[in-house]
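A structural walkthrough
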Amino acid sequence: ALQVVVPQELTSHHLSAPPTVTSEQIEHLHRRFKQLSRDQLTIRKENFDSIPDLEFNPIRGKIVHAFFDKRNLRQESEGLADEINFEDFLTIMSYFRPIEMNMDEEQLDRFRKEKLKFLFHMYDSDHDGKITLQEYRNVVEELLSGNPHLEKESARSIADGAMMEAASICVGQMGPDQVYEGITFEDFLKMWQGIDIETKMHVRFLTMETIAHCY
Amino acid sequence: GFHLYNKLPSVVPESCLLIFVGLIMGGIIYGFNDRSPPVMDSDIFFLYLLPPIVLDAGYFMPSRPFFENMGTILLYAVVGTVWNVFGIGFSLYGICQVKAFRLQDVSLLHNLLFGSLIAAVDPVAVLAVFEEIHVNEKLHILVFGESLLNDAVTVVLYKLFRSFCEMPTINSLDVLAGVGKFFVVGLGGVLVGLTFGLTAAFTTRFTKDIRVIEPLFVFLYSYLSYLTAEMFHLSGIVAIIACAMGMKRYVEANISLKSHTTVKYFMKMWSSVSDTLIFIFLGVSTIGENHEWNWPYICFTVIFCLVWRALGVLVLTFFVNRFHVNSITGKDQFIIAYGGLRGAICFSLVFLLPDFHRKKLFIAATTVVILFTVFIQGMTIRPLVDLLAVKRKRESAPTVGEQIHIRFLDHLLAGIEDISGHWGQYYWKDKLEYFNSKYLQKMLLREYDQPKSSIVLLYEKLERKHAIELAEAGQLGHAPHHPALLNNRAVITDKRLEDTLNPDVLDNMQEILARNLYRTRRTGPAYNRHTLPGDSEPAEHAKEILILRHRGL
């Protein structure tokens, strides 16, 4: 078996909290990684096609994209990576850690911001730091793509409505000539204020047998 | 009168006042007839008064928080109730051993029987009190869900101990049978409820031409599920809840808007009436010669109820917090423990006891406990909630944006769970949704070729509400350049579009936006912005947009 060297980033304060990805969980994820990569050292986008359940997920494209997004991988450059290794896989997974009991206010805040940043990158597909109307429309269309009978117009109008809501939350009353460019990260934070993302956005990694039906 | 005088609800919960009224009425009747007033018949209670309240609760229960906290709720309902029953039973038995109280003839089994009926938290009382104090949603759903689901445990234990009382010897096989019975009762109730719920949904699929009787089906099937469950000695309350929750989604999509309103109002009306009657009867039944006042026993009962509930909540929460991220704070725990109100169910159960010489003692104790919890705990819980600054309910209305985000998060987490090979909460939820959309919706929804997601439904609802508001305010007939409309607009332009359109069309677009943008910020007009140069009468146009949109969606 491959030796799992836990990378420096995961064990230092580079992450906003002391390491909570235990070695057990790392082992489990490593096994999963090997399965997905068919025993190679890296995985590419095509490897994600082998997960049958993911096919039915409407935002499948965005999720896979997020794994290769260099901003999420904490690399300084922009754009998409072609392939990721196990270290990167773990980095992405670490965004979904559950919160720790002993976190203080500042740590919680950073934790929350991290998760929201991940989400923001998923919405903002052209990497310009703003969610424009077109991108928002794209998100809503994808979300509602499970209904084949829903007209495209409806999805668009919903996105428009949501965008206007966002505009009013973020900017308040606007003068008649003002133009709302797009949702920046600060605005995004404001929108998510009501939802406690630090408790919602996590996956419980139990030690389970990996599901062997990946082919 | 109660609702008109504004200060009163903040001090005294409605249930207290109703009991008080009942007490007075009972006193009057007693005074006039010199004989005990009519006691609430347990049959009437269980068959007529309880189902509407439970149905109302189940139908309007927010299903998302309920299922998210299902594990915790079940833990409290099942383990918590069992803990309370045995705790109270055994400690009361201990009290009975004390020679000074002259209670030695109350056997262990009798005490356990009494424990089983007094330990259960009552949904009617909880609903009545918690509705007025507006704690945060999670807390509300925990206490409320617990009070509804513990019915299964109560039914099993009560019947078990009652039959044990009549049996000469008890061996361990009987106890095991009791445990097995619990699963049968609980799961059986759920199955019965779901069956009826899905049948109701299926029936409403065909009611397009006979809209008038649609509400009838909702009530009929729910009541049938309750009766069927009770007939087979399963838990009726659990059945009715399962029925209501199962059918809600499909029925609401199938029945017309008017039927939906009818269902809503009738349900609220019936449950209000039942609620009022129950509490009045409770008051009336208190006065009379049904009681044997052995004060030590009664006092200890009250004390033990409180103590064991507090202990139970503490221990269980300790376990829950180890497995869950979203921990239940100390303040929450206090409210959960303090909100364990007993009510009419205990009362009816105690009257159903077979006649034995200590029955009146039990009746007295039950009455005191109920009065204590409803009056003292009910009245003081609100100031305590304020004092402890418990997190309150968020009073904001839902926005379309939030729905979108939550849905996005759901899918994201389901995807991550798939990728990491982990079958978690979101995985199963996703699977259920898939099953739902592929099979259930086709069978149960009338227009199965147009399944609607919750985002669309919410959007439609908001649109509709807004259109009605506008129509009422007469806005649709107004001249275009109304200053109010112009003030609140947010113009969103697409960067790429700006390049390709000439300024004339752009101006036109902005004008159209201004005219057709409505007052609140929640809705967004949907129209083809790109091809509307010269258009017809603006008001008519707006109306047309509304109609088109509704048809299209």
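Since this is a predicted model, take the numbers as computed values, not measurements.

1. A word on the overall build of chain B
Tallying secondary structure elements over chain B gives 23 helices and zero strands in all. Taking all 553 residues of chain B together, 52% fall into the buried category. Excluding contacts between residues fewer than 6 apart, the proportion of contacts in chain B whose partners are at least 24 apart in sequence is 81%. Total accessible area on chain B is roughly 25500 Å²; 65% of this is exposed by carbon and sulfur atoms.

2. A closer look at the packing of helix 3 (residues 42-59) of chain B against helix 15 (residues 344-351) of chain B
Residues and elements named next belong to chain B. The contact between helix 3 and helix 15 brings their axes to 9 Å, and the two run at 145 degrees. Across from Ser42, Phe45, Phe46 and Leu50 in helix 3, the residues of helix 15 making contact are Ala344, Ile345, Ser348, Leu349 and Phe351. Of the residues belonging to the contact of helix 3 with helix 15, the class tally is seven nonpolar, two polar and no charged.

3. Some words on the environment of Val263(B)
Residue and element names in this part refer to chain B. Position of Val263 relative to the elements: it lies in helix 12 (residues 257-286). The class for Val263 is buried, based on a relative accessible area of 1%. If we ignore the near neighbours within four places in the chain, the residues touching Val263 are Tyr59, Pro215, Val218, Phe219 and Ile255.

4. Let's talk about the packing of helix 7 (residues 123-133) of chain B against helix 8 (residues 137-166) of chain B
When two helices pack together, their arrangement is given by the angle between the helix axes and by the axis-to-axis distance. All names here are of chain B. Between helix 7 and helix 8, the shortest axis-to-axis distance is 8 Å and the interhelical angle comes to 160 degrees. One way to sum up the angle between helix 7 and helix 8 is to call them roughly antiparallel. Remark: the crossing between helix 7 and helix 8 carries left-handed chirality. Contacts between helix 7 and helix 8 involve Pro123, Val126, Leu127 and Phe130 from the first element and His140, Val143, Phe144, Ser147 and Leu148 from the second. Residue classes in the contact of helix 7 with helix 8 are distributed as seven nonpolar, two polar and no charged.

5. Structural notes on the packing of aromatic side chains
Residue and element names in this part refer to chain B. Tallied over the entire structure, the rule returns 18 aromatic pairs over all chains. With 5.5 Å between their ring centres and 70 degrees between their planes, Phe66 and Phe67 make a pair best called edge-to-face. You can call Phe66 buried: its relative accessible area is 4%. Residue classification places Phe67 among the partly exposed positions, given a relative accessible area of 48%. Residue placement shows Lys248 over the ring face of Tyr59; its charged tip is 5.7 Å from the ring centre. Lying across the ring of Phe60, Lys268 places its NZ or CZ 4.5 Å from the centre.

6. Digging into helix 17 (residues 400-419) of chain B
Residues separated by three or four positions in an α-helix point in the same direction, a consequence of the helix having 3.6 residues per turn. Across its 20 residues, helix 17 of chain B extends 29 Å between first and last C-alpha, which sits within 8% of the 28 Å expected from 1.5 Å per residue. Of all 20 residues making up helix 17 of chain B, 18 are buried, and the element is well covered by its neighbours.

7. With respect to helix 5 (residues 70-97) of chain B
Here helix 5 of chain B contains 28 residues, and its C-alpha end-to-end distance of 40 Å stays within 8% of the 40 Å for a straight helix at 1.5 Å per residue. At Gly80(B), helix 5 of chain B is bent by approximately 25 degrees, the largest bend along its length.

8. Details of a nonpolar patch on the surface
Residues and elements named next belong to chain B. A grouping of Trp83, Ile303, Val307, Leu311, Leu314, Val315, Phe318 and Phe319 is seen on the molecular surface, where their side chains present a nonpolar patch of about 700 Å² in accessible area. Take the nonpolar patch: its biggest share by element is seven residues, from helix 13 (residues 295-323). Within the element layout of this structure, Ile303 appears in helix 13. For Ile303, a relative accessible area of 43% corresponds to the partly exposed category.

9. Some words on the nonpolar core
Counting residues in each nonpolar core, the largest one holds 124 residues, and the members touching the most others are Leu50(B) and Phe130(B). Per element, the largest residue contribution to this core is 16 residues, and it comes from helix 8 of chain B. Those residues in contact with Phe130(B) that sit more than four places away from it in its chain are Val135(B), His140(B), Val143(B), Ile335(B), Gly339(B) and Ile381(B). Core analysis: the second largest hydrophobic core is formed by 64 residues, Tyr123(A), Leu144(A), Ile197(A) and Val400(B) among them.

10. Here's the deal with the confidence of the model for chain A
Looking at chain A, the pLDDT average stands at 70 and 70% of residues meet or exceed 70. A low-confidence stretch, residues 206-215 of chain A (pLDDT under 50), is modelled with 24 contacts involving residues beyond four sequence positions or located in other chains.

11. Points about the side chain of Asp56(B)
Looking at the secondary structure, you find Asp56(B) in helix 3. Apart from residues no more than four positions distant in its own chain, Asp56(B) is found in contact with Met267(B), Lys268(B) and Ser271(B).

12. Re the pattern of salt bridges
All names here are of chain B. Counting across every chain of the model gives four salt bridges over all chains. Residues Lys268 and Asp56 are paired through a salt bridge, measuring 3.6 Å at the closest nitrogen-oxygen approach. Of this pair, Lys268 sits in helix 12 while Asp56 sits in helix 3; the two residues are 212 residues apart in sequence, bridging distant segments of the chain.

13. Side note on unusual backbone geometry
Negative phi values dominate among residues other than glycine, just as trans dominates among peptide bonds. All names here are of chain B. Despite not being glycine, His233 has its phi angle at roughly 60 degrees, a positive value. Of note, His233 is situated in the loop between helix 10 (214-231) and helix 11 (236-254). Assessed through its relative accessible area of 46%, His233 is described here as partly exposed.

Definitions and cut-offs
- Residues numbered from 1 in each chain as written.
- Chains lettered and ligands numbered in written order.
- Predicted model: local features only at pLDDT ≥ 70, side-chain atom pairs only at ≥ 80, totals over all residues.
- Heavy atoms only, no water.
- Helix = DSSP H or I, 4+ residues; strand = E, 2+ residues; numbered from the N terminus.
- Buried < 20%, exposed > 50% of the residue type's maximum accessible area, 1.4 Å probe, protein only.
- Contact = heavy atoms within 4.5 Å.
- Areas by Shrake-Rupley, 256 points an atom, 1.4 Å probe, with all protein chains shown as cover.
- Axes fitted to C-alpha atoms, helices over the stretch in contact; angles between N-to-C directions.
- Nonpolar A, V, L, I, M, F, W, Y, C, P; charged D, E, K, R; others polar.
- Parallel < 35°, antiparallel > 145°, perpendicular 65-115°, else oblique.
- Left-handed = near helix turned anticlockwise from the far one by under 90°.
- Phe/Tyr/Trp six-rings, centres within 6.5 Å; stacked < 30°, edge-to-face > 60°.
- Lys NZ or Arg CZ within 6 Å of the ring centre and 35° of its normal.
- Expected span 1.5 Å × (residues − 1).
- Bend = angle between axes of the 7 residues up to and from the residue.
- Patch = residues over 30% accessible without salt bridge, like charges linked within 9 Å, V, L, I, M, F, W, Y side chains within 5 Å.
- Salt bridge = Lys/Arg side-chain N within 4 Å of Asp/Glu carboxyl O.
- Core = buried A, V, L, I, M, F, W, Y, C linked by side-chain atoms within 4.5 Å.
- pLDDT = per-residue confidence, 0-100.

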